[in-house]
Amino acid sequence: MSITRFAVAGATGRLGRHVVDVLAERGHQVVPMARATGVDIITGEGLAEALTGVEVIIDVASWHGSEQEAATEFFRTSARNLQEAGQKAGVAQITVASIIGVDNATAGFLAAKKVHEELLLSGSLPTRILRAAQFHEFVGQLLDWQQGDVAYLPSLPTQLVACRTVAEELVDLATAPGTPAPGTPIPEIAGPRKETLAEAAQLLGARRGIKVVGIDGSGMPDAEIAADGGFLPSPHAKLAGPTFQEWLDTQP
């Protein structure tokens, strides 16, 4: 693969940092796009300049909350701006990270991501999507949100995956030649082991001195769909390690 110039939207985020690393390790030129680097994909500030000479945009920018309306507005604006600015700059394609099961979602953040996919796909630039399971890194965030030394987390099934693993798969997709055949399912990446969020959190909680109690998850958006496995990987998904326990053992 010849050296390609990539712009990474959300470059300083949890996934974005790994995408930047993987691209650089593989010898590509990287333009990190984030407010910290002077590029705002919502206001458009610095966007045209950042995309000069860029061939592929990798979009891993995300909204920081779970409220559906605010998240939808963020993704609606970012999709429009990246499509319009990308087209003007002569970008060839966009590759975006999404979430496994978004097509089943009816509420919350996942429903906002479903809109995000639809808007990018309906734009003028060809868009490739990689749907990922929840990240290993997400478990610590869930614990951070809880107060005190007991945390109540949903016992909903998941197949957690490492951010680094997702970043590698995303870069593979962004650099893959040709275009997917019509009717090809949207690729998915998930971890090797099915577990519940509460089970994973118990492993991390033990390190932090926090007791984790599993609850049924009712009150969460689409909890019933999740409980029925609606957000687990499809049969065509690629499964890749490390497991949550293996990943945890490498964390400082």
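The shown structure was predicted, so the numbers you read here are calculated from the model rather than taken from an experiment.

Rules of the game
All residue numbers refer to positions counted from 1 along the written sequence of the respective chain. Note on the predicted model: pLDDT of at least 70 is required for a residue's local features to be given, and 80 or more for side-chain atom pairs to be given and counted; whole-chain, interface and lining totals, by contrast, use all residues. Hydrogen atoms and water are omitted, and side-chain values are computed over all heavy atoms in the structure. Axes here mean lines fitted to C-alpha atoms, for a helix over just the part in contact, with angles spanning 0 to 180 degrees between N-to-C directions. Numbering of helices and strands runs from the N terminus; a helix is a DSSP stretch of H or I covering at least four residues, while a strand is a stretch of E covering at least two. Each angle gets one of four labels, with under 35 degrees taken as roughly parallel, over 145 as roughly antiparallel, 65 to 115 as roughly perpendicular, and the rest as oblique. For any helix crossing, the convention is left-handed if the near helix is rotated counterclockwise from the far helix by under a right angle, and right-handed if that rotation is clockwise. Here a residue-residue contact requires only that any non-hydrogen atoms of the pair lie within 4.5 Å. Residues were grouped as follows: Ala, Val, Leu, Ile, Met, Phe, Trp, Tyr, Cys and Pro as nonpolar; Asp, Glu, Lys and Arg as charged; and all remaining residues, including Gly, as polar. What counts as a salt bridge is simple: a side-chain nitrogen of Lys or Arg found within 4 Å of a carboxyl oxygen of Asp or Glu. Exposure classes here rest on a 1.4 Å probe applied to the protein chains alone. A residue is buried below 20% of its type maximum, exposed above 50%, and partly exposed in between. Only when DSSP finds a minimum of two bridges between them are two strands counted as paired. A clockwise course of the path from the first strand over the helix to the second, judged with the strands pointing away from the viewer, identifies a crossover as right-handed.

**With respect to the packing of helix H3 (residues 68–89) against helix H4 (residues 108–122)**
Right, so step 1: Two numbers describe how H3 lies on H4: the axes approach to 8 Å, and their chain directions differ by 20°. Between H3 and H4, the crossing angle belongs to the class labelled roughly parallel. Crossing geometry of H3 relative to H4 is assigned as right-handed. Across the interface between the two elements, Gln-68, Ala-71, Thr-72, Phe-75, Arg-76, Ser-78, Ala-79 and Gln-83 from H3 touch Gly-108, Phe-109, Ala-111, Ala-112, Lys-113, Val-115, His-116, Leu-119 and Leu-120 from H4.
Right, so step 2: Along the lines of polarity and charge, the residues of the contact of H3 with H4 split into nine nonpolar, six polar and two charged.

**So, unusual backbone geometry**
Right, so step 1: With an omega of 5°, the peptide bond running from Gly-241 to Pro-242 counts as cis.
Right, so step 2: Mapped onto the secondary structure, Pro-242 falls in the loop between strand S11 (238–239) and helix H9 (244–249).
Right, so step 3: The residue Asp-222 is not glycine, and still its phi comes out positive at about 55°.
Right, so step 4: In this fold, Asp-222 is placed in the loop between strand S10 (211–215) and helix H8 (223–227).

**Some details on the pattern of salt bridges**
Right, so step 1: Inspection of every chain in the model, using the stated rule, returns nine salt bridges.
Right, so step 2: A salt bridge links Asp-103 to Arg-131; the shortest N-O distance between them is 3.4 Å. A residue pair is termed long-range when its members are at least 10 positions apart, and Asp-103 in the loop between strand S4 (93–99) and H4 and Arg-131 in strand S5 (residues 127–132) qualify at 28 residues.
Right, so step 3: The closest approach of N and O atoms between Arg-164 and Glu-168, which form a salt bridge, is 2.8 Å. Linking Arg-164 with Glu-168, this pair stays in helix H6 (residues 163–175), spanning four residues, or about one helical turn.
Right, so step 4: Residue classification places Arg-164 among the partly exposed residues on the basis of a relative accessible area of 29%.
Right, so step 5: Within this structure, Glu-25, Arg-164 and Glu-168 form a network of salt bridges that share partners.

**Overview of the packing of helix H1 (residues 16–25) against H6**
Right, so step 1: It is at 8 Å that the axes of H1 and H6 come closest, and there the two elements cross at 50°. With respect to their mutual orientation, H1 and H6 come out oblique. Crossing hand, H1 versus H6: right-handed. Of H6, the residues touching H1 (which contributes His-18, Val-19, Asp-21, Val-22, Leu-23 and Glu-25) are Cys-163, Arg-164, Ala-167, Glu-168, Leu-170 and Val-171.
Right, so step 2: Tallied by class, the residues present in the contact of H1 with H6 amount to seven nonpolar, one polar and four charged.

**Quick look at the pairing of S5**
Right, so step 1: Counting buried positions over the six residues of S5 gives six, a clear majority of the element.
Right, so step 2: What you see with S5 is no split at all: Thr-127, Ile-129 and Arg-131 on one side and Arg-128, Leu-130 and Ala-132 on the other are buried throughout.
Right, so step 3: Of the strand pairs in this sheet, S4 and S5 are connected by six bridges, and their pairing is parallel. When the bridges of S5 are listed, Ser-98 appears paired with Arg-131.
Right, so step 4: At this point the chain moves from S4, through H4, to the parallel S5, and the crossover so formed is right-handed.
Right, so step 5: Strand direction decides the pairing type here: S5 and strand S8 (residues 188–190), joined by two bridges, are parallel.

Treat this as a map of the structure, not an account of what it does.
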